Amino acid sequence: MAWPNDAGRGLSPGSRLPGMTRKKDVLQPSLWTPRPVEETISVYAAWADTYDAEVQARGYRTPARLAAALADHAPLDAKILDFGCGTGIGGAALRKAGFTQMDGTDVTVEMLEIATKTGLYGKTWHSTPGALSFAKGDYDVIVAVGVISLGAAPPDTLAPLVAKFATGGLLALSYNGPTLEDDSYADALGAEVSTGHVEVIFREHGPHLEDVGMGSDVIILRRR
Ligand SMILES: C[S@@+](CC[C@H](N)C(=O)[O-])C[C@H]1O[C@@H](n2cnc3c(N)ncnc32)[C@H](O)[C@@H]1O
């Protein structure tokens with residue numbers, strides 16, 4: 001099945017489900033567009049209370065796909081950082097896949113508070129955009145589900161994350177449809193691969209927001 005990259009650009013954060021919003025309505029038109037970080041944080045702060053219900057109702061598949069792929073490449077006791085954990089949907093998928101050690105961080109307090117309450121994470125902390133407040137080698141795996149993305153973290157987030165790994169560390173991330181179409185994200189990934197910092201050990205396209213026909217690539221990079 002094909003998962004087009006151009007569908008679903010208009011999901012509307014804050015719209016009410018069920019009933020008031022048709023599943024095929026897109027989130028808000030400007031959701032997957034570049035914006036200043038302060039605006040990104042405002043968008044997610046305002047969306048936090050309804051985020052889980054809205055994305056789940058639209059068939060948010062990437063977290064489970066990423067967790068399943070990671071389970072084929074990392075031991076279940078790997079120390080994992082869920083970077084841009086949001087409300088904890090990625091952590092829940094990792095736990096369901098069998099992973100046991102997860103910490104979480106996010107730049108949006110309102111999203112992070114919900115993730116913290118899930119009890120899925122050993123620890124959570126509020127991160128400052130562009131600053132990574134952990135040491136190289138602290139984590140065996142970093143996951144970034146829907147985070148290094150148009151409308152969320154910029155493409156230059158990728159290289160500093162890669163630099164935080166010891167040899168063999170894994171970065172498992174996703175690029176959704178609009179992000180795949182934006183050269184700056186493809187270029188950031190290409191630069192890490194071509195400089196030899198990482199190798200791509202897994203890449204697969206599949207459903208992202210299934211009910212709006214948006215796809216994503218799940219990508220796993222291994223630090224050389
Ligand atoms: C689409 S949500 C994904 C959340 C979660 N990973 C999930 O799959 O549900 C994007 C998240 O990235 C966070 N984010 C945006 N810019 C960021 C940055 N520069 N560093 C870390 N997190 C960021 C937002 O606060 C938001 O929680």
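## Topic: the overall build of the protein
Counting its secondary structure elements, the protein contains seven helices and seven strands. Overall, the protein shows an N-to-C arrangement of helices and strands of α-α-β-α-β-α-β-β-α-β-α-α-β-β. For the protein, the proportion of contacts with a sequence separation of at least 24, taken over those separated by at least 6, is 66%. Put simply, the protein shows about 9,700 Å² of open surface, and 54% of that area lies on carbon and sulfur atoms.

## Some points on the site of the ligand
Close contacts around the ligand come from 18 residues, with Tyr 51, Tyr 60, Gly 84, Asp 106 and Thr 108 the closest. Contact distances for the ligand include 2.5 Å between an oxygen atom and a side-chain N or O atom of Tyr 60. Within the side chain of Thr 108, one N or O atom sits 2.6 Å away from an oxygen atom of the ligand. For the ligand, whose accessible area on its own is 590 Å², the fraction buried by protein is 95%. The element that contributes the greatest number of residues to the shell around the ligand is helix α1 (residues 37–57), accounting for three residues. Of the residues in the shell around the ligand, the class split is 12 nonpolar, five polar and one charged.

## Thoughts on the pattern of salt bridges
Side chains that carry opposite charge are capable of pairing whenever their charged atoms lie near each other. In total, this model carries five salt bridges according to the counting rule given. Across the pair Glu 39 and Arg 35 runs a salt bridge whose closest N-O atoms are separated by 3.8 Å. Residue classification places Arg 35 among the buried residues on the basis of a relative accessible area of 14%. The closest approach of N and O atoms between Glu 199 and Arg 222, which form a salt bridge, is 3.3 Å. Residue Glu 199 is located in strand β6 (residues 198–209), and its partner Arg 222 is located in strand β7 (residues 214–223); the two are separated by 23 residues in the primary sequence.

## Describing the pairing of β7
Within a regular strand, side chains alternate between the sheet's two faces. For β7, a buried count of nine out of 10 residues is recorded, marking the element as mostly surrounded by other parts of the structure. When strand β5 (residues 170–176) meets β7, the two strands line up antiparallel, connected through seven bridges. Among the inter-strand pairings, Asn 176 is bridged to a residue of β7, identified as Ser 216. Pairing analysis gives 10 bridges linking β6 to β7, with the strands arranged antiparallel. When the sheet's bridge partners are listed, Arg 203 is paired in β7 with Ile 219. Taking the residues between adjacent antiparallel strands as the criterion, β6 and β7 are bridged by four residues, where Gly 213 takes a positive phi near 70 degrees.

Reading guide: rules and limits
Residues numbered from 1 in each chain as written. Predicted model: local features only at pLDDT ≥ 70, side-chain atom pairs only at ≥ 80, totals over all residues. Heavy atoms only, no water. Helix = DSSP H or I, 4+ residues; strand = E, 2+ residues; numbered from the N terminus. Contact = heavy atoms within 4.5 Å. Areas by Shrake-Rupley, 256 points an atom, 1.4 Å probe, with all protein chains shown as cover. Near = heavy atom within 4 Å. Polar contact = N/O pair within 3.5 Å; in protein donor to acceptor, adjacent residues only side chain to side chain. Nonpolar A, V, L, I, M, F, W, Y, C, P; charged D, E, K, R; others polar. Salt bridge = Lys/Arg side-chain N within 4 Å of Asp/Glu carboxyl O. Buried < 20%, exposed > 50% of the residue type's maximum accessible area, 1.4 Å probe, protein only. Pairing = 2+ DSSP bridges.

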